[in-house]
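Single-letter residue listing:
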Amino acid sequence: MSEAMKEIATARLVLIVMSDAALTSDEARDGCLGEVIQCAVPESWPPENWEPHVFEWLRGHFAQGPEQRAWHRYIALREDDGRLVLIGSVGAFTKEPGAAEAEFGYSILPEYQGHGYATEAASALIQEIRRSGRVNGVIAHTFPALVASVRVMEKCGLHFDGEGEEPGTVRYRLRFTGP
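Residues numbered from 1 in each chain as written. Predicted model: local features only at pLDDT ≥ 70, side-chain atom pairs only at ≥ 80, totals over all residues. Heavy atoms only, no water.

## Side note on the overall build of the chain
When helices and strands are tallied, the chain shows five helices and eight strands. Traced from its N-terminal end to its C-terminal end, the chain shows the element sequence β-β-α-α-α-β-β-β-α-β-α-β-β. By the compact-globule yardstick of 16 Å for 179 residues, the chain fits well, its C-alpha radius of gyration being 16 Å. Expressed as lengths along the three principal axes of its C-alpha atoms, the size of the chain is roughly 40 × 35 × 35 Å. In the chain, buried positions account for 49% of the 179 residues. Considering only contacts within the chain whose residues lie at least 6 apart along the sequence, 62% involve residues at least 24 apart. (Helix = DSSP H or I, 4+ residues; strand = E, 2+ residues; numbered from the N terminus. Rg over C-alpha atoms; globule rule 2.2 N^0.38 Å. Buried < 20%, exposed > 50% of the residue type's maximum accessible area, 1.4 Å probe, protein only. Contact = heavy atoms within 4.5 Å.)

## Regarding the sheet that holds strand β6 (residues 137-142)
Taken together, eight strands build an open sheet; the order of strands is β1-β2-β3-β4-β5-β6-β8-β7 and the sheet is mixed. Here the strands that pair on one side only, and so sit at the sheet edges, are β1 (8-9) and β7 (159-163). Two elements, strand β3 (residues 73-78) and strand β4 (residues 84-93), share six bridges in a ladder whose sense is antiparallel. From the neighbouring strand, R78 faces β4, where its bridge partner is L84. (Pairing = 2+ DSSP bridges.)

## Focus: the packing of aromatic side chains
One pass over the full model with this rule turns up two aromatic pairs. Measuring from centroid to centroid gives 5.9 Å for F104 and Y106, while their planes differ by 40°, and the two rings are tilted. Measuring from ring centre to ring centre gives 5.8 Å for F160 and Y172, while their planes differ by 80°; the resulting arrangement is edge-to-face. Within this pair, whereas F160 is found in strand β7, its partner Y172 is found in strand β8 (residues 170-175), the two being separated by 12 residues in sequence. With a relative accessible area of 52%, F160 lands in the exposed category. (Phe/Tyr/Trp six-rings, centres within 6.5 Å; stacked < 30°, edge-to-face > 60°.)

## As for the pairing of β6
Here β6 lies mainly inside the structure; five of its six residues are buried. Note: strand β5 (residues 101-108) against β6, three bridges, orientation parallel. Paired with E103 across the bridge in β6 is I139. As a crossover connection, the stretch from β5 through helix α4 (residues 117-132) into β6 is right-handed. Inspection of the sheet shows β6 paired to β8 by six bridges, in the antiparallel sense. Its bridge partner lying in β8, H141 is registered against R171. (Right-handed = clockwise from strand over helix to strand, strands pointing away.)

This is the structure in structure tokens:
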């Protein structure tokens, strides 16, 4: 899957592939991210959990599984004036080549939360993953106290599946069945 893979459009969002140039600009905080991905970048960017180690982690996953590159995307919201605004991210990965399922996550900037954007983006990514035919399902982890995050998973068809990998987290799972 190349970086030139077409974007995913939903009713209100456009999901675009995270390119090396975007990753580098974002990590450097050079003020050019908006130019690189051709959108407005709110002052509240990056998301709360977008920690410095994420850049190294992404590069490692991109190197280990280049076919997964398109699974990590930015979300852009169309404004009335036709300009895109970066509102968050959604992404997925497999822990090892040939894994049976992908893990996905999402983060929406605070000023855009509560409008269904996380559910819309996560649903679109899950559909893309399902269509790829490379895995048999998806999982996601959260803290049980993050009720909005749990609701996103449930709205996307995931079901509670036990304790998560990190202390205090829970896992949700969706197994793909049929075509």
